[in-house]
Amino acid sequence: MTCCCDQRVVWRASEPNMWPHRGQVALTIDDVPRKGTTRDDVLKIMQLLFEHRAKATFFVIFEQLAEVPSDVRRVFMDHVRCHGHEIGLHFSGRWGFAMPVAKLRAAAVEAQSMIQRCYGLRLRYARMPGGFSSPAQVTALEALGLTVANGTAYPFDADLCQCLPARFLGRCAARLSARGGRIAILHDSSKLVSEGSELASFLHTARNGHGLAVVTLEELLERIGATRDAPLVPLGMELRAGGGAQR
């Protein structure tokens with residue numbers, strides 16, 4: 001396992017004490033949309049992000065994405081494309097290092113092809129289940145142009161923290177991000193957008209409590225993002241056939 005010692009795996013910005021990293025946190029959300037996710041669930045997630053002027057990288061399990069209703073999938077992907085969010089590659093299971101390299105490579109190639117063909121997007125990042133990866137797995141993913149990313153602002157999987165209130169988990173992730181340059185990890189679960197929402201708590205604490213801009217992984221790691229006060233496209237915009245947006 002190289003969860004902690006493989007230097008190719010990204011845990012945070014390489015220069016967390018320098019601008020712009022000291023004023024940013026990358027929000028990553030695993031397993032969206034999960035099985036049972038409704039259109040309203042997706043809209044709640046996107047509305048919260050919009051209200052807090054935030055962007056996110058969604059680590060998607062593509063087999064799971066294919067199983068959700070088509071209207072849920074469409075709404076989710078349309079909002080990702082219209083509002084500057086990002087899709088990353090995730091896999092099912094708890095122990096990523098146990099996944100055979102050939103199976104991993106085949107799944108990654110299929111996901112890359114599908115996201116490009118169906119949505120005109122590019123996968124840049126992958127996350128192994130549990131954050132556990134072997135050197136051979138990291139090498140295989142890098143050969144496909146994918147960077148393996150974990151994170152340090154991680155309050156643990158919500159399904160393993162059932163006794164903790166959602167707002168506590170959100171605040172915990174935000175406080176672990178307080179110094180900036182960090183990668184926060186939330187999971188899609190019943191706590192993400194329920195009353196006392198984990199996501200709302202994270203966004204409020206990160207932005208209002210610590211003055212952090214909530215950005216995608218690509219914005220944090222490549223410094224390509226706009227400033228925290230740049231305008232976002234209003235909700236309700238729809239895609240033109242050529243990839244632009246219209247009301």
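That block above? That's the structure.
Residues numbered from 1 in each chain as written. Predicted model: local features only at pLDDT ≥ 70, side-chain atom pairs only at ≥ 80, totals over all residues. Heavy atoms only, no water.

1. Comments concerning the nonpolar core
Step number 1: Core analysis: the biggest nonpolar cluster contains 53 residues, and F58, F76, L199 and F202 have the highest contact counts within it.
Step number 2: Here this core gets seven residues from one element, more than from any other, and that element is helix α4 (residues 101-119).
Step number 3: Among residues more than four places away in sequence, those in contact with F202 are V25, L27, G170, R171, A173, A174, S177, A184, L186 and V214.
Step number 4: By size, the runner-up hydrophobic cluster in this structure holds eleven residues, among which are Y125, A213, L217 and L220. (Core = buried A, V, L, I, M, F, W, Y, C linked by side-chain atoms within 4.5 Å. Buried < 20%, exposed > 50% of the residue type's maximum accessible area, 1.4 Å probe, protein only. Helix = DSSP H or I, 4+ residues; strand = E, 2+ residues; numbered from the N terminus. Contact = heavy atoms within 4.5 Å.)

2. Observations regarding unusual backbone geometry
Step number 1: That bond from V32 to P33 is cis: its omega, -10°, falls within 30 degrees of zero.
Step number 2: Examined against the element boundaries, P33 turns out to sit in the loop between β1 (24-30) and α1 (39-51).
Step number 3: The phi torsion at D31 lies on the positive side, around 70°, for a residue other than glycine.
Step number 4: With respect to the secondary-structure elements, D31 resides in the loop between β1 and α1.
Step number 5: Judged by its relative accessible area of 17%, D31 falls in the buried class.
Step number 6: A positive phi angle, near 55°, is found at R53, a position not held by glycine.
Step number 7: Here R53 is to be found in the loop between α1 and β2 (57-61).
Step number 8: For R53, a relative accessible area of 32% translates into the label partly exposed.

3. Overview of the side chain of D6
Step number 1: Looking at the secondary structure, you find D6 in the segment before β1.
Step number 2: Here R8 takes part through its backbone nitrogen, which lies 2.9 Å from a polar atom of the side chain of D6.
Step number 3: When near neighbours in sequence (up to four residues on either side) are disregarded, D6 contacts P135 and V138. (Polar contact = N/O pair within 3.5 Å; in protein donor to acceptor, adjacent residues only side chain to side chain.)

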